[in-house]
Amino acid sequence: MPPTLASLVHHSALKLTVRAGEERLATPVRWAHASELADPVPYMEGGELLLITALKLDAEDPEAMRRYVRRLGQAGVAGLGFAVGVHYATIPDALVDAAAEEGLPLLEVPRRTPFLAISKAVSAAISAEQYQAVTAGFAAQRDLTKPALGGGPAGLLAALAGQVDGWAALYDATGAVVAAAPEWAARRAARLTPEVERLHARTPPASLVVGGEAARVELHTLGTSRRPRAALAVGTGAPLGTAERYAVHSAIALLTLTTERSRSLHEAEQRVGAAVLRMLLAGEPEHARTAAGSLYGDLLDAPYRLIIAEAASATAARAHADGRTAPHGAPRPVDAPRPVAGERAVAAPVRAGEPPTGPLAALAEHVEAAAARAGEALLVVPDGERLVLLTADGGAAARACVGYAAAVDQARTTGQALAGRTDEPVMGLSAPAGPIAAATAYRQAEQALSVARRRGRALVEHEEVATGSVVQLLSDDAVRAFADGLLRALREHDATGRGDLVASLRAWLSRHGQWDAAAAELGVHRHTLRYRMRRVEEILGRSLDDPDVRMELWLALKATSGTE
């Protein structure tokens, strides 16, 4: 506690006497200051005990004293000390009455008590209070360090809640509550998730105060990276004192160390995960289990799903390099074939990369948080501009991916970016697979990712690719460009009015080359149709007896059917 007027009055060496304002003796004193100015207010900060001898004051003028005391009260002066036996034998009644009216504490300072003694007493009390706060802070740091080393964040939060006589909660990078103390605080902390998300948008270190004096919550970011990895909430019924502030700062430091240590371990786990995934893709599940040990639990044994995610900007860059652009500006690249099962050493395209950034980092944090809350094993591997995830089939991480994609699609539909982001990931999800089918799952995820790009969706499951029509795959701009080029000469011929070769070709192909049926559909003689098909061969320079030519022409007609 800082010194108060009451503690100075009770100081036996000072011999101070209260002459007015007894009801406000609990007022804290920030400093003791002597001034004989007629108006010392410009030099006051508030909270001072002002010491005077009334050298330049007309202390017997009631009106002058009322103005003087009123100015001091408005400036926040804690009290007034009047030295008797210097210029006045006693405190003039005008000053006593003015102080009583204003409610300003007025202390009589005896002749034998120098102002310096009062200043020293205030300074000593402030120093003692600060020393006590520092000592309490060190004690709090010791009390917080023990559970941080032994019991993790939960124990540290419990100790911190006791230190501040309130509650504390820890949030992950997504703003979800991962631990709270006492237990009832988890519900209250969950209501602050929007404020935590707003705090995460700031450059760390950052803090935020929510609520008023009676229900005050401080939010602090944790971690040293540009993107906060966690946040701490501290709720109290009053502003924090010096000792409590030390405890909060100690908790922030300890949790930051824990976060950074977890980050280093996480990056090491990703490197191990990349090696494990390469072994799985190379058809070596036993070696993968040996390398993983107990790191991923039974994830490698149970049915799992493989997810490949790619930022939309990376997809667009790849499409630009290939000279292809999708409808509505969505990228539509076609990847080079990846290795499949059986291509041993070459069948491992995944490599250990830098930690994900941007939209992939947000996706990874979202999925990792869901897996952590469910106590579920998850393998996350950055792969260049991609992110590869191995999740339990039907688990929380897989559901988190689907939910994340649904939110992205909904935001696109309404024309709004998700949480202020515009470069959202595109994902492909494989069918359920086992350890020996990892390469197949990887290929399925790539195929689904390619379809997701083409359809402008955030996520496509391989089951949709397997059960859908091949015609849906013809919506790519590159396919339409090929089809237009293949059929252009025929359309130019038809535009001159010299025959309907495109319609005749479509009818003949749809009737599997049956002349009579196709001619009847067109309403022409079969010899006329034969002539038209010879003209098609002459114009295209290709034979309709070739099944590949017929297939390409049919697909070209299907790809352009909606534009005619």
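The structure we're discussing is the one just above.
Given the structure is predicted, the values throughout are model-derived calculations rather than measurements.

What counts as what
- All residue numbers refer to position in the chain's written sequence, counted from 1.
- Reporting of local features is limited, given that this is a predicted model, to residues whose pLDDT is at least 70; pairs of side-chain atoms are given and counted only at 80 or more, and all residues count toward the totals for whole chains, interfaces and linings.
- Neither water nor hydrogens contribute to the side-chain values; these are computed over all heavy atoms in the structure.
- Here's how the labels work: a residue is buried when its accessible area is under 20% of the maximum for its type, exposed when over 50%, partly exposed in between, all with a 1.4 Å probe on protein chains only.
- A run of H or I in DSSP becomes a helix once it reaches four residues, and a run of E becomes a strand once it reaches two; helices and strands are each numbered from the N terminus.
- In this analysis, strands are considered paired if DSSP registers two or more bridges between them.
- Only C-alpha atoms enter the line fits that serve as axes; for helices the fit covers just the stretch in contact. Angles between N-to-C directions range over 0 to 180 degrees.
- Reported orientations rely on four angle classes, namely roughly parallel under 35 degrees, roughly antiparallel over 145, roughly perpendicular from 65 to 115, and oblique for the rest.
- Should the near helix be turned anticlockwise from the far one by less than a right angle, the crossing is termed left-handed; should it be turned clockwise, right-handed.
- Every residue pair with non-hydrogen atoms within 4.5 Å of one another is taken to be in contact.
- A pair of aromatic rings is counted whenever rings of Phe, Tyr or Trp (Trp by its six-membered ring) have centres within 6.5 Å, and the orientation is called stacked for planes under 30 degrees apart, edge-to-face for over 60 and tilted otherwise.
- Throughout, nonpolar core names a set of buried Ala, Val, Leu, Ile, Met, Phe, Trp, Tyr and Cys residues whose side chains join them through atoms within 4.5 Å.

**Regarding the pairing of strand β6 (residues 167–172)**
Logical step 1: Extensive coverage of β6 is indicated by the burial of six of its six residues.
Logical step 2: Residues of β6 alternate between two faces, with W167, A169 and Y171 on one and A168, L170 and D172 on the opposite face, all of them buried.
Logical step 3: As judged from the six bridges shared by β6 and strand β10 (residues 230–236), these two strands associate in the antiparallel manner. Within β10, the position partnered with A168 by the bridge is V234.
Logical step 4: Sheet topology note: the β6/strand β7 (residues 177–181) ladder contains four bridges and is antiparallel. Residue pairing in the sheet places L170 in a bridge with A179 of β7.
Logical step 5: Connecting the antiparallel pair β6 and β7 is a turn made up of four residues, with G175 showing a positive phi of about 90°.

**Some remarks on the packing of helix α2 (residues 62–74) against helix α3 (residues 93–102)**
Logical step 1: In contact at an axis separation of 8 Å, α2 and α3 are set at 40° when each is read in the N-to-C sense. Considering their axes alone, α2 and α3 lie oblique with respect to each other. As for how α2 packs across α3, the hand of that crossing is right-handed. Along the contact surface, α2 presents P62, M65, R66, V69, R70 and G73, while α3 presents A94, L95, A98, A99, E101 and E102.

**Quick word on the sheet that holds β7**
Logical step 1: In spatial order, the strands read β7-β6-β10-β9-β8; together these five strands make up an open sheet with antiparallel pairing. Of all strands in the sheet, those bounded by a partner on one side alone are β7 and β8 (207–210). Taking the axes of each pair of neighbouring strands and ignoring which way they run, one obtains an average angle of 15° across the sheet.
Logical step 2: One ladder, built from four bridges, connects β8 with strand β9 (residues 216–222); its direction is antiparallel. Bridged to L208 within β9 is L219.

**Observations regarding the packing of aromatic side chains**
Logical step 1: Going through the model one piece at a time under the given rule, you end up with two aromatic pairs.
Logical step 2: Summarising the aromatic geometry, the rings of F82 and Y88 are spaced 6.1 Å apart at their centres and angled 55° between planes, so their arrangement reads as tilted.
Logical step 3: Under the relative-accessibility criterion, F82 is labelled buried at 0%.
Logical step 4: Overall, the relative accessible area of 17% leaves Y88 in the buried class.
Logical step 5: Summarising the aromatic geometry, the rings of W508 and W515 are spaced 5.4 Å apart at their centres and angled 40° between planes, so their arrangement reads as tilted.
Logical step 6: Accessibility expressed as a relative area gives 8% for W508, which makes it buried.

**Focus on the sheet that holds strand β12 (residues 378–383)**
Logical step 1: Strand order in the open sheet formed by five strands is β12-β13-β11-β14-β15, with mixed pairing between adjacent strands. Lying at the two open borders of the sheet, with one neighbouring strand each, are β12 and β15 (459–461). Averaged over all neighbouring strand pairs, the angle between strand axes comes to 15°, with direction disregarded.
Logical step 2: Both strand β11 (residues 304–311) and strand β14 (residues 425–429) contribute to a ladder of five bridges, which runs antiparallel. Across the sheet, E310 pairs through a bridge with V426, a residue of β14.

**Observations concerning the nonpolar core**
Logical step 1: Counting 28 residues, the largest nonpolar core has V276, L277, L280, L306, L379 and L390 as the members making the most contacts within it.
Logical step 2: Secondary-structure elements contributing two or more residues to this core are α8 (242–281), α9 (285–292), β11, β12, β13 (386–392) and α13 (438–455).
Logical step 3: Ranked by residues supplied to this core, first place goes to α13 with eight residues.
Logical step 4: In this structure, M65, A75, V84 and A94 belong to the second largest nonpolar core, which totals 27 residues.

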